[in-house]
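Take a look at the letters that make up each chain.
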Amino acid sequence: MIINKRRQRAVVHWSDDRFTNVSFFLQDYAEGHSGRELILDVLNSSSDFLPLEDAETGKVSIVNKQRIRWVELKERELLKEISLPQEQSVEVEMMGGKVFRGRFPVEMPPERSRLSDHLNFTPQFIYLVQDDGDLILNKSYLFSVRDAQPR
């Protein structure tokens, strides 16, 4: 059986401080929501290993997704596909000292609307909206997250 997949470019930042320009293989239809499959869906799937195509060599490797610290998206994908009612401005410090400012899209009931609730009740990989390019962060590599006032 052949499953048609489309390629989506991104930059993967690994746990050993390397980074690679890759293509993710995505389905035309997502399993967990309406619309296309997203890189976020693939990262939060039950698979431990993912096929990624090196953008420079064209070679496909099966990689351990737990070794991904963050993914730089080439284009915004989440908000085109899924509209979320609110965003929470944050400052995120990764293991190793890298700091990102941005907004977490939040879809939590009012009784679980704290930042700690968002971090504790979301899947392993979380989306960070930034003005200069969105990221998907692996929560295993988060050192700290603070509320931040929007600039």
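Refer to the structure presented above.
Residues numbered from 1 in each chain as written. Predicted model: local features only at pLDDT ≥ 70, side-chain atom pairs only at ≥ 80, totals over all residues. Heavy atoms only, no water.

Asks: Looking at this model, I keep getting lost on the sheet that holds strand β3 (residues 49–54). Mind explaining?
Replies: Hydrogen bonds between backbone groups are what pair the strands of a sheet, and the pairing can be parallel or antiparallel. Pairing in this open sheet of seven strands is antiparallel, and the strands run β4-β3-β2-β1-β5-β9-β8 from one edge to the other. Of all strands in the sheet, those with a lone pairing partner are β4 (60–64) and β8 (125–128), marking the two edges. Strand-to-strand, the axes of this sheet are offset by a mean angle of 40 degrees, without reference to chain direction. Looking at chain direction, strand β5 (residues 68–73) and strand β9 (residues 135–138) are connected through three bridges and run antiparallel. Counted as the bridge partner of Glu72 is Leu135 from β9. (Pairing = 2+ DSSP bridges. Helix = DSSP H or I, 4+ residues; strand = E, 2+ residues; numbered from the N terminus. Axes fitted to C-alpha atoms, helices over the stretch in contact; angles between N-to-C directions.)

Asks: Just checking my understanding: could you explain unusual backbone geometry for this structure?
Replies: The phi torsion of most residues other than glycine is negative, and most of the peptide bonds are trans. The phi torsion at Asp17 lies on the positive side, around 75 degrees, for a residue other than glycine. In this structure, Asp17 sits in the loop between β1 (5–14) and β2 (19–27). Asp17 sits in the exposed class, given a relative accessible area of 58%. (Buried < 20%, exposed > 50% of the residue type's maximum accessible area, 1.4 Å probe, protein only.)

Asks: What is the right way to look at a nonpolar patch on the surface in this model?
Replies: A contiguous nonpolar surface patch, about 310 Å² in accessible area, is contributed by Phe49, Val60 and Ile62. When you line up the elements, Phe49 lands in strand β3. A residue is classified by how much of its surface remains accessible, and Phe49, at 48% relative accessible area, is partly exposed. (Patch = residues over 30% accessible without salt bridge, like charges linked within 9 Å, V, L, I, M, F, W, Y side chains within 5 Å. Areas by Shrake-Rupley, 256 points an atom, 1.4 Å probe, with all protein chains shown as cover. Salt bridge = Lys/Arg side-chain N within 4 Å of Asp/Glu carboxyl O.)

Asks: Even after reading the chapter, I still don't get the pattern of salt bridges, so can you show me in this structure?
Replies: Oppositely charged side chains can form a pair if their charged atoms are brought close together. Tallied over the entire structure, the rule returns 10 salt bridges. Notably, a salt bridge pairs Arg76 with Asp134, separated by 2.6 Å at the nearest N-O pair. With a gap of 58 residues between them, Arg76 in the loop between β5 and α2 (78–81) and Asp134 in the loop between β8 and β9 connect regions that are remote in the sequence. You can call Arg76 partly exposed: its relative accessible area is 33%. The exposure class of Asp134 is buried, given its relative accessible area of 3%. With a closest N to O distance of 3.3 Å, Arg101 and Glu91 form a salt bridge. Of this pair, Arg101 sits in strand β7 (residues 99–106) while Glu91 is found in strand β6 (residues 86–94), placing the two residues 10 residues apart along the sequence.

Asks: When you look at the side chain of Asp134 in this model, what are you seeing that I'm missing?
Replies: There is a polar contact of 2.8 Å between the side chain of Asp134 and the side chain of Tyr127. Side-chain polar atoms of Asp134 contact the backbone nitrogen of Gln130, separated by 2.9 Å. Every residue in contact with Asp134, bar those within four places of it in the chain, is listed here: Val71, Glu72, Leu73, Arg76, Tyr127, Leu128 and Val129. (Polar contact = N/O pair within 3.5 Å; in protein donor to acceptor, adjacent residues only side chain to side chain. Contact = heavy atoms within 4.5 Å.)

Asks: Got a minute to help me understand the nonpolar core in this structure?
Replies: The tendency in soluble globular proteins is for nonpolar side chains to be buried as a group. Core analysis: the largest hydrophobic core is formed by 20 residues, its most contacted members being Val12, Phe24, Ile39, Leu43, Val71 and Ile136. Elements that contribute at least two residues to this core include exactly β1, β2, α1 (39–43), β3, β5 and β8. The element contributing the most residues to this core is α1, with four residues. Here Val71 is in contact with Ala10, Val11, Val12, Phe24, Leu43, Asp134, Leu135 and Ile136, once residues within four sequence places are set aside. Listed in part, the 15 residues of the second largest apolar core include Met94, Phe100, Phe104 and Tyr141. (Core = buried A, V, L, I, M, F, W, Y, C linked by side-chain atoms within 4.5 Å.)

Asks: Help me understand the sheet that holds β7 in this model?
Replies: What the three strands build is an open sheet, ordered β7-β6-β10; its pairing is antiparallel. Both edges of this open sheet fall to β7 and β10 (142–147), since each of them pairs with a single strand only. When the angles between neighbouring strand axes are averaged without regard to direction, this sheet yields 35 degrees. Alignment of β6 against β10, held across five bridges, turns out to be antiparallel.

Geometric descriptors of this kind do not, in isolation, establish any biological role.
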